[in-house]
There are 2 protein chains.
Amino acid sequence: MNALPTPGRGSLSDVRVVEIGTSVAAPMATQILGDFGAEVVKVERVGRGDDSRSWAPPDWDGQSVTYLALNRNKRSLALDFKDPRGMGVLEELIRRSDVLVQNLRPGALAALGLTPERIAELNPRLIYCELTGFGPTGPRSGQPAYDPLLQAYSGIVSITGDDGGEPARVPVSILDIGTGMWTALAVFEALRRRERTGSGTHVELSLLQTALTWVSMPLLAVAAGNGVPSRLGSGLAGVVPYGAFPTSDGHVFISAGNDDTWARLCSALDAEHLRSADGFATNRERVQQRTEVVAALSAVTRGFSSEEVLKRLTENKVPCSPVHTLDQVLADEQVRAIGALTPVEHPSVRNFQVVNLPMTFEGAYPSAPTAPPALGADSADVLTEIGLAPNQVTELADSGVVGLAEPAGADAPIRKGDPA
Amino acid sequence: MNALPTPGRGSLSDVRVVEIGTSVAAPMATQILGDFGAEVVKVERVGRGDDSRSWAPPDWDGQSVTYLALNRNKRSLALDFKDPRGMGVLEELIRRSDVLVQNLRPGALAALGLTPERIAELNPRLIYCELTGFGPTGPRSGQPAYDPLLQAYSGIVSITGDDGGEPARVPVSILDIGTGMWTALAVFEALRRRERTGSGTHVELSLLQTALTWVSMPLLAVAAGNGVPSRLGSGLAGVVPYGAFPTSDGHVFISAGNDDTWARLCSALDAEHLRSADGFATNRERVQQRTEVVAALSAVTRGFSSEEVLKRLTENKVPCSPVHTLDQVLADEQVRAIGALTPVEHPSVRNFQVVNLPMTFEGAYPSAPTAPPALGADSADVLTEIGLAPNQVTELADSGVVGLAEPAGADAPIRKGDPA
């Protein structure tokens, strides 16, 4: 099925990353870096680990899908760094690394002594990425935040959904994942700066700023005096018809971006009467009569199956798309052809697969993914690498400062958590 | 208001980028690179330029907000490269550049002779980023695509909006902008590879793959056998209550991620009767009785103003947020405190400002933005830089192969286009 070339080695293979991450944003950032070849050590709480390990359902053979989706190409060190011995380990790890990414509660790491100043002192070449909800200054800077709450705060919720209905949110974590992507970009930039200056950098990112970037176009439109946009469901402000239309067995997405396409659309659906109906002839008129046009076209599309509408529109060069459900996406021929998902061997999750980083280099995806680690799976190895003797490792493990790997399949049971 | 340090110089100041871009994805990619200091030459059609120049409303003193939001830190070369003389100019520009980013229709550039092979021959060190809708292979690979259509194709529309209502789309261009972000990451990665190998790379990205990354978590959940998720409006699958709730004068966003928070929420709103009402006591029960819980809590929140709900919940440590409209976001104290928007001098757009790249290095945003260029504003300069004599520039301009800068304020009038 997938004839894509095999992955090359990423350019970050000499870059060591420490993640003190939880949930989505920081794990996404370091997963991207790992996909480009970085060696990522994920520092997790002893016993419980990353919050996302306990977010289920959905689960995959007993493990959290969220955790599995965000933690490939990493090693896990279970460490209690609230204990001074654990903090000693963390500091040594920071000394030997190139990048630190953390998204604990604002101020939590500094409260344990790891201020940006202390971190720079430990390792002046370190690139220290601090991820927060609301940013480093201002009245809300200390507040924790979750992706959906920040979607509301940043105006995204106010423009999502149907004008008549309740406000909706974007159902995927575009703030968390987006902040992870921006963090990875910041790391690349900071690495280039370090090549010139020899110095690391303190980089700050926030869900709020990521959100403002998502809404930058409508936000600047408001700044320019265009008025606050209304919620348009699946529609667009400047073009009608554009959006999801009902059929006899579901919905199809139709785009008629200009009057020629509108004409072809009407003809394709045997609806010539709509084409130049009163006030329907030009896009400008149709935008003014949005409700009427959508109702009239919906009445037509309801008379056909989705398959029939798509066939007729495609034949008439009217841009259109099925409104796929996620099971249809998984089975889709195009999705399979580009090799977007890759099976990965996992000790306990059957048929595990990952969604590849969305880019190819000379036709190859950048990484050969490894399975997300069990909690503490690499604790002993990492401690040994930073210079601890076997008896020191045992001592730290016995005193609960470090968590060692559980036997495969013996992960902590999934607990209910706050998947925000 | 904004006491943030002034921007440092980005690390890409020795990187020359050619954008043959249109609309959103490629312009976003190169704007990011420009923000990091790259010198970006935007190659546009003579006379009309980037499609997004004609997308209005919304406009800002007669210019398209979309264009203005995506094209800072660039120079504009208006060039007809369908003409052999124009192609000669483009080839020379490619020879002298480090990066080429293009998102014309699939195959359009190759049809003019600029195949990946030809491009690599012109400049073996070039990083060539090709952005398409559906990716390089598969039955749909040649098809054009728009962000909203791909949102439908990739399952995003199927999970956005209210379960009872019509499917909705994400009202911001997360596929286009997201693909721009992934492209910028790919360029950084390819630059690092080139430092080692001396060779450029052909990088391919697509809106479809970006979309699959956005839905990776629910998609893998379906792959794991969890069933197709339903649309939940502003809600979350695993937590109730979580979402936007109506008040006497609008909506507020409330998150009660665990039973303790639920107890504090009920108490804060004088709704102790809800706390342990039949089947309301635990999150597991509340998830099963989602409709009933949401209705009961909505009945309570409707009895208060938004301000009062937010005050009571904040006092009781229940995570919550106003559901801001975009004008409120612009005026928000926190948004202003972090200096997310920066005023930029523009020859004809009054009070122009940009949304900064969402990251700071040692407290400074990475770029000092310049205004988006008028069409052809830099044509003469760019041609001179690549070695053309003044009389050659004049000749190309006279024959319409190159468009020179119009006097300020004389931009082509805004036309209706397809803002997809």
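What you see as residue numbers is a count from 1 along each chain, following the sequence as written. Chains and ligands are labelled sequentially in the order written, the chains with letters from A and the ligands with numbers from 1. pLDDT decides what is reported in this predicted model: residues at 70 or higher carry local features, side-chain atom pairs at 80 or more are listed and counted, and totals for whole chains, interfaces and linings draw on all residues regardless. Working from all heavy atoms in the structure, the side-chain values ignore hydrogens and water.

A. Region of the structure containing the overall build of chain A. When helices and strands are tallied, chain A shows 18 helices and 15 strands. C-alpha extents for chain A along the principal axes are approximately 85 × 50 × 45 Å. Burial classes follow relative accessibility: with a 1.4 Å probe on protein chains only, a residue under 20% of its type's maximum area counts as buried, one over 50% as exposed, and anything between as partly exposed. Sorting the 420 residues of chain A into buried and exposed places 59% on the buried side. Contacts are assigned to residue pairs that have any heavy atoms within 4.5 Å of one another. Put simply, 71% of the contacts in chain A that link residues at least 6 apart link residues at least 24 apart. To measure how exposed things are, a 1.4 Å probe is used in the Shrake-Rupley method; for residues, cover is taken only from the protein chains shown. Of the accessible surface of chain A, which amounts to about 15,300 Å², a share of 49% is contributed by carbon and sulfur atoms. Positive residues here are Lys and Arg, negative ones are Asp and Glu, while His and the chain termini are left out of the count. For the purpose of locating charges, the reference atoms are NZ of Lys, CZ of Arg, CG of Asp and CD of Glu. Taking the average location of the 36 positive side-chain charges in chain A and that of its 49 negative ones, the two points are 3 Å from each other. Only DSSP runs of H or I reaching four residues or more are called helices, and only runs of E reaching two or more are called strands; each is numbered from the N terminus.

B. Spotlight on the sheet that holds strand β8 (residues 201-206) of chain B. When DSSP finds at least two bridges between two strands, those strands are taken to pair. Strands sit in the order β14(A)-β8(B)-β7(B)-β6(B)-β1(B)-β2(B)-β5(B)-β15(B) across an open sheet of eight strands; the sheet is mixed. Edge strands, defined here as strands with exactly one partner in the open sheet, are β14 (360-361) of chain A together with β15 (402-403) of chain B. Judged from the four bridges that link them, strand β1 (residues 16-20) of chain B and strand β6 (residues 99-102) of chain B form a sheet pairing that is parallel. Along β6(B), the bridge assignment pairs B:I20 with B:Q102.

C. A look at the relation of the copies chain B and chain A. The atoms used to superpose the copies are C-alpha atoms, taken from residues with pLDDT of at least 70 in both, and the fit is least squares. Of the transformation placing chain B onto chain A, the axial shift is 0.0 Å and the rotation is 180°, giving an RMSD of 0.0 Å. The symmetry that links the two subunits is that of a two-fold axis. Judged by C-alpha distance, B:G161 is the residue of chain B that lies nearest the rotation axis, at 2.5 Å. Mapped onto chain A, 100% of the interface residues of chain B are again interface residues, and the two copies thus contact each other with one and the same surface.

D. Broad picture of the environment of B:P390. All names here are of chain B. For P390, the position within the fold is in helix α18 (residues 390-398). By relative accessible area, P390 is classed as exposed at 68%. Along the backbone, P390 and A380 are 10 residues apart, and their C-alpha atoms lie at a distance of 8.3 Å.

E. Quick look at helix α14 (residues 306-315) of chain A. All names here are of chain A. Every buried residue of α14 is listed here: S306, V309, L310, R312 and L313. Here the buried residues of α14 occupy an arc of 170° about the axis, which is enough to place them on one side. Residues of α14 that are exposed and point over 90 degrees away from its buried face: E307, T314 and E315. In this fold, the buried residues of α14 make contact with β9 (242-247), β10 (250-255), α10 (259-268), α13 (290-301) and β11 (320-322). Downstream of α14 by a residue or two, K317 has a phi angle that is positive, lying close to 55°. For this quantity, the arc is that covered by the directions from the helix axis to the C-beta atoms.

F. Expanded view of the pattern of salt bridges. A pairing counts as a salt bridge when a side-chain nitrogen of Lys or Arg comes within 4 Å of a carboxyl oxygen of Asp or Glu. One pass over the structure, following the stated rule, counts 48 salt bridges over all chains. As a salt-bridge pair, B:R53 and B:E44 come within 2.7 Å of each other at their nearest N and O atoms. The closest approach of N and O atoms between B:E92 and B:R95, which form a salt bridge, is 2.9 Å. Taken as a pair, B:E92 and B:R95 lie in helix α3 (residues 84-95) at a separation of three residues, close to a single helical turn. In this structure B:R95 comes out as partly exposed when scored by relative accessible area, which is 41%. Put simply, A:D14, A:E195, B:R192 and B:R196 are held in one network by salt bridges that share partners.

G. Quick look at the sheet that holds β11(A). All names here are of chain A. Across the sheet, which stays open at both edges, the three strands sit in the order β9-β10-β11 with antiparallel pairing between neighbours. Looking at strand neighbours, the two that pair on one side only are β9 and β11, the edges of this open sheet. Sheet twist, expressed as the average angle between the axes of neighbouring strands with direction ignored, equals 25°. Only C-alpha atoms enter the line fits that serve as axes; for helices the fit covers just the stretch in contact. Angles between N-to-C directions range over 0 to 180 degrees. Across the face of the sheet, α13 comes into contact with β9 and β10 while running at roughly 40° to β9. The strands touched by α14 within the sheet are β9, β10 and β11, with β10 carrying the most contacts at an inclination of about 15°.

H. The arrangement of the confidence of the model for chain A in detail. On a scale of 0 to 100, pLDDT captures the predictor's confidence in every residue. The predicted model of chain A has a mean per-residue pLDDT of 93, with 95% of residues at 70 or higher. This stretch, residues 408-420 of chain A, has a pLDDT under 50; its non-local contacts, to residues over four places away or in other chains, come to 36 contacts.

I. Seen up close, the packing of aromatic side chains. Residue and element names in this part refer to chain B. Classification of ring pairs uses Phe, Tyr and Trp, with its six-membered ring standing for Trp, and accepts pairs whose centres are within 6.5 Å; under 30 degrees between planes counts as stacked, over 60 as edge-to-face, and the remaining range as tilted. Scanning the entire structure with this criterion turns up 11 aromatic pairs over all chains. An angle of 80° between the planes, with centres 6.5 Å apart, marks the rings of F36 and F361 as edge-to-face. Here F361 lies in strand β14 (residues 360-361) and F36 lies in the loop between α1 (25-35) and β2 (39-44), a separation of 325 residues in the sequence. Neither residue differs from the other here; F36 and F361 are each classed as buried. Aromatic pair Y242 and F253: ring centres 6.2 Å apart, planes at 80°, arrangement edge-to-face. Here the residue Y242 occupies a position in strand β9 (residues 242-247), and F253 occupies one in strand β10 (residues 250-255), the gap between them amounting to 11 residues.

J. Focus on the side chain of A:E91. Residues and elements named next belong to chain A. Here E91 is to be found in helix α3 (residues 84-95). The class of E91 is buried, set by a relative accessible area of 14%. Look past the residues within four positions of E91 in its chain and what remains in contact with it is L114, R118 and L122.

K. Layout of the environment of B:V287. Residue and element names in this part refer to chain B. As for its placement among the helices and strands, V287 is situated in helix α12 (residues 283-288). Relative accessible area serves as the criterion here: at 25%, V287 is assigned to the partly exposed category. For the pair V287 and V335, spaced 48 residues apart in the sequence, the C-alpha separation amounts to 34 Å. Beyond its immediate chain neighbours, meaning those up to four positions away, V287 contacts A237, G238, V239 and V240.

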